[in-house]
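Analysis of the macromolecular model
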Amino acid sequence: MNILLVNASPKGERSNTLHITHAFLDGLMSNGKHTLKTFMLKDKRIEFCTGCFYCWNNKDGKCVISDDMPEYTQLYKEADVVIFSTPVHFFGPSARLKNLFDRTLPFHVPEIIDRKDSGQRHEYRWDVGNKKIVLVATCGFYSYENNVEPLVKLFDICYGDNYEKIICPEGTLFSLEIFREFTQSYLDTARKAGVEMASRGRISDETREALIKRTFGKDDYIYLANNYWIQTDENTTPEEKLRIGVRQRTMQMSKMFDESLFPDEPVVVEMKFPELPYTCQLHLSRKGNQAVEDPERFLPHHLRLVLNPERFLAIASSRTNAKAGDKSNNVQMNIGKLTQIAVRLQKKGSSMEMKL
Ligand SMILES: Cc1cc2nc3c(=O)[nH]c(=O)nc-3n(C[C@H](O)[C@H](O)[C@H](O)COP(=O)(O)O)c2cc1C
């Protein structure tokens, strides 16, 4: 199978979406012989269509613009599967992808075919064969509704039933190691989707269902997202920046543990940063996890972690290289293990301090 990956993120290799795309590709290519070619839009020169219709006045469908479009045309023609990997930008595809689509006008002939209910079309100039199209997209908002519909509609109109889609809100979670425990299972499902696509030519209904499930609840996700941005200006000192970063990551951490694993009475994990100084407690309970910064609301700790701010921030902000099925080097899992120690300490009615 010839597979073409069009990476339409302006971030190139640093794309959130690409994590899911790679997992899907890993599954797709796990069996049999395949060739993968990547068209990284950010590194290509693709000019805007000028609307001159030279391509339609000229029966070879040639375009007047001289750029990297012929390379794409050749790759597209040769491909059996084309994967468009894009962020949602202002409810649609990235501008680069939209621009690429515009430039495929020469792929089509000028005659309008009326397909009644599914609208009017210009047929392909050449036989596109049984090309399968896959859309992989991530976005930053929590909801699909009033958000990704324009992107999906574009693909529905262009490719009808002949395409598969993996659309993941909460896309911002995919690049950070700290969220790995949550993103890992999504990546594994995306891989499974790839395996199914290779063997049956489509993603099963069960996997499609799993691919629209969210990792976090809405309120928790919005809380996490809103705590993500470090708002600083030219007057912010490096010490303040460090403090803000540490605060944001510790606040986020409270949302990272499965509340059902904790008892009703809060398990208290204290995170102490003597160099800053800053202390935050995580109150972990079946009734709801909380990050507490106000010393007046502090409870006696079960586990106290004494942390170095730089080291903590480097770990908590590190970018993930997670691949589907890869369970190694999972920082989040390690912190998860520490909270389980705290649960055991609470059961025994004791406490402990660890310097990390
Ligand atoms: C210019 C711009 C516009 C965006 N528009 C939306 C949007 O309409 N809806 C949404 O949910 N997220 C939006 N986002 C967030 C991105 O879709 C999200 O961060 C995505 O995971 C980025 O993917 P990438 O890293 O693969 O480029 C926008 C981001 C940028 C930079």
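Residues numbered from 1 in each chain as written. Predicted model: local features only at pLDDT ≥ 70, side-chain atom pairs only at ≥ 80, totals over all residues.

Some points on the nonpolar core
If you look at the biggest cluster of nonpolar residues, it comprises 43 residues, and the most contacted ones within it are Val6, Ile20, Phe24, Ile83, Ile166 and Ala190. Broken down by secondary-structure element, the contributors of at least two residues to this core are β1 (2-7), α1 (16-28), β3 (81-87), α4 (95-102), β6 (132-138), β7 (163-168) and α6 (180-200). What Phe24 contacts, discounting residues up to four positions off in sequence, is Val136, Ile166, Ala190, Arg191, Ala193 and Gly194. Core analysis: the second largest hydrophobic core is formed by 16 residues, Phe262, Val267, Leu282 and Leu307 among them. (Core = buried A, V, L, I, M, F, W, Y, C linked by C-beta atoms within 7 Å. Buried ≥ 20, exposed ≤ 12 C-beta atoms within 10 Å, placed from the backbone. Helix = DSSP H or I, 4+ residues; strand = E, 2+ residues; numbered from the N terminus. Contact = placed C-beta atoms within 7 Å.)

Observations concerning unusual backbone geometry
Excluding glycine, residues mostly have negative phi values, and the peptide bonds linking residues are mostly trans. For the bond from Leu276 to Pro277, the omega torsion is -15 degrees, close enough to zero to count as cis. Assignment of secondary structure puts Pro277 in the loop between β8 (267-273) and β9 (278-284). At Phe90, a residue that is not glycine, the phi angle is positive and equals roughly 45 degrees. One can find Phe90 in the loop between β3 and α4. Backbone geometry places Asn146, a non-glycine residue, at a positive phi of 55 degrees. By the secondary structure assignment, Asn146 is in the loop between β6 and α5 (149-159). By C-beta crowding, Asn146 is classed as exposed, having 9 other C-beta atoms within 10 Å.

A few points about the site of the ligand
The full set close to the ligand counts 17 residues, and Ser15, Pro87, Cys139, Gly140 and Gly171 are the nearest of them. By residue class, the composition of the shell around the ligand is six nonpolar, ten polar and one charged. (Near = placed C-beta within 6 Å. Nonpolar A, V, L, I, M, F, W, Y, C, P; charged D, E, K, R; others polar.)

Points about the domain arrangement of the protein chain
Taken domain by domain, the protein chain holds domain 1 (2-218) and domain 2 (238-355). Each of domain 1 and domain 2 has a C-alpha centre, and the two are 38 Å apart. (Domains from an automatic or database assignment.)

Considering the packing of helix α9 (residues 238-253) against helix α10 (residues 309-316)
Where α9 meets α10, the axes come as close as 10 Å, and the angle between the chain directions of the two elements is 55 degrees. Accordingly, the angle class assigned to the pair α9 and α10 is oblique. In the packing of α9 onto α10, the handedness of the crossing is left-handed. On α10, the residues that touch Leu242, Gly245, Val246 and Arg249 of α9 are Pro309, Phe312, Leu313 and Ala316. In terms of residue class, the contact of α9 with α10 is built from six nonpolar, one polar and one charged. (Axes fitted to C-alpha atoms, helices over the stretch in contact; angles between N-to-C directions. Parallel < 35°, antiparallel > 145°, perpendicular 65-115°, else oblique. Left-handed = near helix turned anticlockwise from the far one by under 90°.)

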